[in-house]
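For reference, the chains in residue letters:
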Amino acid sequence: MLRRLDASEGFAEVPDSDSEEDSDDGKDCVAIGSDLRFGVQLQTMTTDYKKVYQIHDKLFIGLGGLATDTQTLHQRLVMRHNLYKLREERDIKPSTFAALVSAIMYEKRFGPYFASPVIAGLEPDGSPYICGMDSIGATETAKDFIVTGTNSESLFGMCESMWRPELEQEELFEVISQCLLSGIDRDALAGWGAVVYVITKDKVVARTLKGRMD
């Protein structure tokens, strides 16, 4: 699970994506998920807004925060990964990608992107890698989970009580799903379902969760 991705909220009259995101790691697998709500403070605009993006088969990034900034940042990251792949003739490693994201965030430190990335992926040797960072690129890595969003306190509590080392693929999916849904139920600024991605060395499994619609 990813440990910290703070969603921006409180920007008057500016659409933002109040969100909850979570990422966990298991035995040769890692998972990342987020809710699907997009809103302007307490006003819900749409209920199918995904905040997790695929960079390649073994690397995903979650972007919560100001929607326009997260979309711009995602486009820049895709472009930079494509250039890396052309030059190196291989996909970028999650740890290398984290350094790239941190540098891009820090170069805008005087007018930062209102986004807090969470990165989840598998390294070339199959080991899970998760990290989160703030709006100026200060990175925090973890061996267990990373959470972020408008109700990160509840997510922390759920993850600390449910996560354990060496979770298998299906166990990891169950843990991250229960943590996300429990956190969503305690946060008026998130919800309307969730999406979870479980990344293994052979495949990526994406599942959409049904949550409360009120």
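Residues numbered from 1 in each chain as written. Predicted model: local features only at pLDDT ≥ 70, side-chain atom pairs only at ≥ 80, totals over all residues. Heavy atoms only, no water.

**Some thoughts on helix H1 (residues 67–88)**
Thinking step 1. Taking 1.5 Å of rise per residue, 22 residues should cover 32 Å, and H1 covers 31 Å from first to last C-alpha, within 8% of that figure.
Thinking step 2. For H1, every residue scored as buried is listed here: Ala67, Asp69, Thr70, Leu73, His74, Leu77, His81 and Tyr84. For H1, the angular spread of buried residues about the axis comes to 140°, placing them on one side. Turned more than 90 degrees off the buried face of H1, the exposed positions are Gln75, Leu86 and Arg87.
Thinking step 3. Next to the buried residues of H1 lie strand E3 (38–40), strand E5 (52–56), strand E6 (59–65), helix H2 (94–106) and strand E7 (115–122).
Thinking step 4. Looking one or two places after H1, you find glutamate 89, whose phi comes out positive at around 60°. (Helix = DSSP H or I, 4+ residues; strand = E, 2+ residues; numbered from the N terminus. Expected span 1.5 Å × (residues − 1). Buried < 20%, exposed > 50% of the residue type's maximum accessible area, 1.4 Å probe, protein only. Arc of directions from axis to C-beta. Contact = heavy atoms within 4.5 Å.)

**A look at the sheet that holds E6**
Thinking step 1. In space, the five strands of this open sheet follow the order E5-E6-E7-E8-E9, with antiparallel pairing throughout. Across the chains shown, the open sheet's two edge strands, defined by having one partner strand only, are E5 and strand E9 (139–142). This sheet shows a mean twist of 20° between the axes of neighbouring strands, independent of strand direction.
Thinking step 2. In this sheet, strand E8 (residues 128–133) lies alongside E7 in antiparallel orientation, the contact comprising five bridges. Bridging from a neighbouring strand, isoleucine 119 pairs with cysteine 131 of E8.
Thinking step 3. Sitting on the sheet, H1 is in contact with E5, E6 and E7, with an inclination near 155° to E6.
Thinking step 4. The strands touched by H2 are E5, E6, E7, E8 and E9; relative to E7, the strand with the most contacts, the crossing angle is about 170°. (Pairing = 2+ DSSP bridges. Axes fitted to C-alpha atoms, helices over the stretch in contact; angles between N-to-C directions.)

**Overview of the nonpolar core**
Thinking step 1. Core analysis: the biggest nonpolar cluster contains 24 residues, and Ile61, Leu73, Leu77, Phe97, Val101 and Ile119 have the highest contact counts within it.
Thinking step 2. By residue number, the principal contributor to this core is H2, which donates six residues.
Thinking step 3. With sequence-adjacent residues up to four places away left out, phenylalanine 97 is seen in contact with Ile55, Leu59, Ile61, Leu77, Ile92 and Ile119.
Thinking step 4. Of all hydrophobic cores here, the second largest spans 20 residues; its members include Val147, Met158, Leu167 and Cys179. (Core = buried A, V, L, I, M, F, W, Y, C linked by side-chain atoms within 4.5 Å.)

**Brief notes about the confidence of the model for the protein**
Thinking step 1. Within the protein, residue pLDDT values average 83, and 87% of them lie at 70 or more.
Thinking step 2. H2 holds the highest mean pLDDT among the elements of the protein, 94, whereas strand E1 (residues 20–25) holds the lowest, 64.
Thinking step 3. Here residues 1–18 is a poorly scored stretch, pLDDT under 50, and it has 105 contacts once near neighbours within four places are set aside; other chains count. (pLDDT = per-residue confidence, 0-100.)

**Some remarks on the packing of helix H3 (residues 152–162) against helix H4 (residues 169–185)**
Thinking step 1. The N-to-C vectors of H3 and H4 enclose an angle of 150°; their axes lie 9 Å apart at closest approach. The orientation of H3 with respect to H4, classified from their angle, is roughly antiparallel. The element H3 and its partner H4 pack so that their crossing is right-handed. Residues Ser154, Leu155, Met158, Cys159 and Met162 of H3 touch H4, and the partners they reach there are Val175, Gln178, Cys179, Leu180, Ser182 and Gly183.
Thinking step 2. When the residues that make up the contact of H3 with H4 are grouped by side-chain class, the tally is seven nonpolar, four polar and no charged. (Parallel < 35°, antiparallel > 145°, perpendicular 65-115°, else oblique. Left-handed = near helix turned anticlockwise from the far one by under 90°. Nonpolar A, V, L, I, M, F, W, Y, C, P; charged D, E, K, R; others polar.)

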